[in-house]
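# An overview of the molecular structure
Next come the chains, spelled out residue by residue.
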Amino acid sequence: MSLPGGAEWIIVLLILLLLFGAKKLPQLARSMGQAGKEFKSGLKDGYKEPPLEGPCPFCKVEVPEDSKFCPGCGKSAEDIVAEKTRVEQEAKPKSA
Ligand SMILES: [Zn+2]
């Protein structure tokens, strides 16, 4: 068996065009590009700790960056960061 040559690739492309439709191919390429971009930015931000400082999501009291507990409601820093992350993800509009 030999590797596919140029003609075979054109046939593969034509089959893809038939399967997805000529209009959908640019969309497909764009969404793949977006996924790649988001993957890269995810890698870049992946090691960044979510910020603890700012208003507590439970009681809205300002929490200092290096504190272990919320000064308002006594929730642990872990709980606050987890809740903040959850709220942020919910606030994001879902991509269709
Ligand atoms: Zn609190």
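Residues numbered from 1 in each chain as written. Predicted model: local features only at pLDDT ≥ 70, side-chain atom pairs only at ≥ 80, totals over all residues.

For the rest of this paragraph, the subject is the overall build of the protein. Scanning the protein for helices and strands turns up three helices and two strands. Taken across its 96 residues, the protein has 5% of its residues classed as buried. For the protein, restricting intrachain contacts to residue pairs at least 6 apart in sequence, the fraction spanning at least 24 positions comes to 24%. (Helix = DSSP H or I, 4+ residues; strand = E, 2+ residues; numbered from the N terminus. Buried ≥ 20, exposed ≤ 12 C-beta atoms within 10 Å, placed from the backbone. Contact = placed C-beta atoms within 7 Å.)

Let us now look at helix H3 (residues 77-91). The first and last C-alpha atoms of H3 sit 21 Å apart over 15 residues, in line with the 21 Å expected at 1.5 Å per residue. In terms of burial, H3 is largely open, as just one of its 15 residues are buried. (Expected span 1.5 Å × (residues − 1).)

This part covers unusual backbone geometry. Its identity is not glycine, yet Lys60 carries a phi of approximately 65°, on the positive side. Its location among the elements puts Lys60 in the loop between strand E1 (54-55) and strand E2 (62-63). By C-beta crowding, Lys60 is classed as exposed, having 12 other C-beta atoms within 10 Å.

The share of residues in the protein with pLDDT of 70 or more is 86%, and the mean pLDDT across the chain is 82. Element-level mean pLDDT values for the protein span from 78 in helix H2 (residues 24-45) up to 93 in E2. (pLDDT = per-residue confidence, 0-100.)

Our next topic: the environment of Leu25. With respect to the helices and strands, Leu25 occurs in helix H2. Ignoring sequence-local partners within four residues, the contact set of Leu25 consists of Leu17 and Phe20.

An ideal rise of 1.5 Å per residue puts 21 Å on 15 residues; helix H1 (residues 6-20) measures up with 21 Å between its terminal C-alpha atoms. Backbone geometry just downstream of H1 places Gly21 in the positive-phi region, at approximately 85°.

Another aspect to go through is the environment of Pro71. Summarising the element assignment, Pro71 is placed in the loop between E2 and H3. The exposure class assigned to Pro71 is exposed, which follows from the 12 C-beta atoms found within 10 Å. Placed 15 residues apart in sequence, Pro71 and Cys56 show a C-alpha to C-alpha distance of 9.1 Å. When neighbours within four sequence positions are excluded, Pro71 is seen to be in contact with Val61 and Val63.

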